[in-house]
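# A look at the structure
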Amino acid sequence: MLLEVNVNGSRLGDFLSLSREHPWELAPFSETLPDGGEIQVWDTGVLCIEPASPADKDIVLSCGIHGNETAPIELCERLLRAIVAGRLPCRQRLLLIFGNPAAMNLGVRELEENLNRLFSGAHARGGRHSRERERAARLEGHVARFFEARQGVERLHYDLHTAIRPSAFEKFAIYPFPHGAPYSRQQLSFLAGAGVDTILLAHGPTTTFSYFSAHRFGAHAFTVELGKVMPFGQNDARRFAAMERSLETLISDPGWQAAAVALDQIRVFRVCQEIIKQSDDFRFHFADEVANFTAFPAGTLLAEDGGQRWFVQEPEEAVIFPNARVANGHRAALMVVATELPPAQLS
Ligand SMILES: O=C(O)CCC(=O)N[C@@H](CCC(=O)O)C(=O)O
Ligand SMILES: [Zn+2]
């Protein structure tokens, strides 16, 4: 059944359904918002809100880059419905992205390839074709069109995810490798106010969506993990309320700044090892139920793959995103250690 018209006569109140009905292509169209702004559909799962008088932030908000990570999708859908209905005025330019509608339809993380490993041009390398490669190329183009439309404003990108395993620290953000740019106190405060008080400092360039926006457009960009993966309809919205309220305020109140948070209120880790799966022989030496941020002492054998073995090298290392089922050549886990943000690297 096509759900192309909602109760207000707008096709946008049910934009997610519309995108899932047309998971690979949706002809562009636009509508006027109750507050006079314009809402432009650029692609399936992608729409841009142009306020009548935009304030000074350009915000990309993405979710569903992995199709089964439903809580952020539901959160973004609630925000969009509130904007379309006129309950939430959108004063900042906003690019809202539902990343992989086809994977959402099947309730899977990915169809053929991990979309979040295909940015910064990775979709064009390796001589392969896949639906996710096509989508990554298109999403890059949409983000470029959005950010390049104006200069001299603050650029933000929050790429919302949920994790496969439970996490000892439920909500955490990955701060992409900085390229010499300082870490932003204001962004750390925004995230902490949104319930994300644990930060992982990435150790190098990657092909993730958040790194793409940070590196190519100088955006304050983050991969934000909001909890554990659950099927559609089974998320408890109260667990995401702090992030939802913070995003609502960010887009509706141009004068707002998140309350400053003392740095000692934020838990910080740095990546010390990346475990890359080499072959089908790869296996971990810890149980499947191990939660993110579980710590292991020095010398612990973590994983092996043919002749290669990975051990804990620092006095204590914690594991993030362990997944033995990733494709060969992909990250099977990150190992992290607690650290502090050097004041000299903060702005
Ligand atoms: O729980 C897991 O194993 C994966 C959760 C997830 O999708 N995480 C992102 C992190 C991206 C980053 O490192 O910035 C991913 O793996 O793509
Ligand atoms: Zn994800």
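Chains are numbered independently. Their residues run from 1 in the order of the written sequence. Here chains are named by letter from A upward and ligands by number from 1 upward, in the order in which they appear as written. With the structure being a predicted model, the display of local features is reserved for residues of pLDDT at least 70 and the display and counting of side-chain atom pairs for 80 or more, all residues being used for whole-chain, interface and lining totals.

### A few points about the overall build of the chain
A run of H or I in DSSP becomes a helix once it reaches four residues, and a run of E becomes a strand once it reaches two; helices and strands are each numbered from the N terminus. Looking only at helices and strands, one finds seven helices and 16 strands in the chain. Each of the three principal axes of the chain carries a C-alpha extent, and together these read 60 × 45 × 35 Å. For the chain, the proportion of its 347 residues judged to be buried stands at 42%. Put simply, 71% of the contacts in the chain that link residues at least 6 apart link residues at least 24 apart. Residues are called buried when their C-beta atom has 20 or more other C-beta atoms within 10 Å, exposed when it has 12 or fewer, and partly exposed otherwise; all C-beta atoms are positioned from the backbone. We call two residues in contact if the C-beta atoms placed from their backbones are at most 7 Å apart.

### So, unusual backbone geometry
Residues other than glycine seldom take positive phi values, yet S120 does so here, at roughly 55°. Considering the arrangement of structural elements, one finds S120 in the loop between α3 (101–106) and α4 (131–148). Taking the number of C-beta atoms within 10 Å as the measure of exposure, S120 has 19 and is therefore partly exposed. You will see that F321, though not glycine, has its phi angle at about 55°, which is positive. Within the secondary structure, F321 is located in the loop between β15 (316–320) and β16 (331–339). A residue is classified by how many C-beta atoms lie within 10 Å of it, and F321, with 18 of them, is partly exposed.

### A closer look at the site of ligand 1
Taken together, H66, N116, H161, A163, I164, R165, I174, T208, S210, T223, F321 and N323 make up all the residues around ligand 1. In the scheme used here, Gly and all other residues not listed as nonpolar or charged are polar, with Ala, Val, Leu, Ile, Met, Phe, Trp, Tyr, Cys and Pro taken as nonpolar and Asp, Glu, Lys and Arg as charged. Its residues assigned to classes, the shell around ligand 1 shows four nonpolar, seven polar and one charged. Using a C-beta atom placed from the backbone for every residue, we mark a residue as near a molecule or strand if that atom lies within 6 Å of it.

### Remarks on the environment of R245
For R245, the location among the structural elements is in helix α7 (residues 241–252). Residue class for R245 comes out partly exposed when judged on the 13 C-beta atoms lying within 10 Å of it. Residues R245 and L79, 166 residues apart in the sequence, show an inter-C-alpha distance of 9.6 Å.

### Structural notes on the environment of L341
Positionally, L341 belongs in the segment after β16. The partly exposed category is assigned to L341, around which 18 C-beta atoms lie within 10 Å. Sequence separation between L341 and V319 is 22 residues, and the spatial gap between their C-alpha atoms is 20 Å. Excluding residues that lie within four positions of it along the chain, L341 makes contacts with Y183, L263, V268 and L346.

### Thoughts on the UniProt feature "binding site: Zn(2+)" (unreviewed entry) in the chain
UniProt positions are given in the numbering used here, feature names are shortened, and annotations may be inferred rather than shown by experiment. Following the UniProt record, one finds the feature "binding site: Zn(2+)" (unreviewed entry) at H66, E69 and H161. What stands out for the annotated residues spanning 96 residues is how close their C-alpha atoms remain, the widest pair being 7.5 Å apart. On the secondary structure map, H66 appears in the loop between β4 (57–63) and α2 (70–85). Excluding residues that lie within four positions of it along the chain, H66 makes contacts with N100, R109, E110, N116 and H161. Here H161 is to be found in strand β6 (residues 154–163).

### Side note on the sheet that holds strand β11 (residues 283–284)
Ordered by their spatial adjacency, three strands build an open sheet running β11-β13-β14, and the pairing between neighbours is antiparallel. Only two strands of the sheet have a single partner each, and these edge strands are β11 and β14 (308–311). Both strand β13 (residues 301–305) and β14 contribute to a ladder of four bridges, which runs antiparallel. Across the sheet, L301 pairs through a bridge with F311, a residue of β14. The pairing criterion is simple: DSSP has to find at least two bridges between the two strands.

### Focus on the domain arrangement of the chain
By a widely used convention, the size of an interface equals the accessible area lost when the partners come together. Where a domain begins and ends is set by an automatic assignment or by a domain database. Here the chain is described as being made up of domain 1 (15–264) and domain 2 (273–345). Opposite the 13 residues of domain 1 that make contact, domain 2 presents eleven residues. When grouped by side-chain class, the residues that make up the side of domain 1 that touches domain 2 number nine nonpolar, two polar and two charged.

### Section: the environment of G195
Note that G195 resides in the loop between α5 (185–193) and β8 (198–201). Among the residues examined, G195 registers 19 C-beta atoms within 10 Å and is labelled partly exposed. Remark: the alpha-carbon pair of G195 and R185, spanning ten residues in sequence, is separated by 15 Å. Beyond its immediate chain neighbours, meaning those up to four positions away, G195 contacts K171, A242 and M243.

### Focus on the nonpolar core
One finds A173 and L200 to be the most contacted residues of the largest nonpolar core, which totals 86 residues. Ranked by residue count, the leading element in this core is α2, at seven residues. Discounting residues that sit within four places of it in the chain, L200 has contacts with F172, I174, Y175, F269, V271, I320 and V336. We define a nonpolar core as a collection of buried residues of the types Ala, Val, Leu, Ile, Met, Phe, Trp, Tyr and Cys that are connected via C-beta atoms lying within 7 Å of each other.

### Some details on α7
The span you would expect from a helix comes to 1.5 Å times its residue count less one. Between its terminal C-alpha atoms α7 stretches 16 Å, which fits the 16 Å expected from twelve residues at 1.5 Å a residue. All of the buried residues in α7 are M243, E244, S246, L247, L250 and I251. The buried residues of α7 all sit within an arc of 165° when viewed along its axis, so they share a single face. At its buried positions, α7 is contacted by β4, α2, β5 (93–98), α5 and β9 (220–228). To obtain the arc, one takes the directions from the helix axis to the C-beta atoms.

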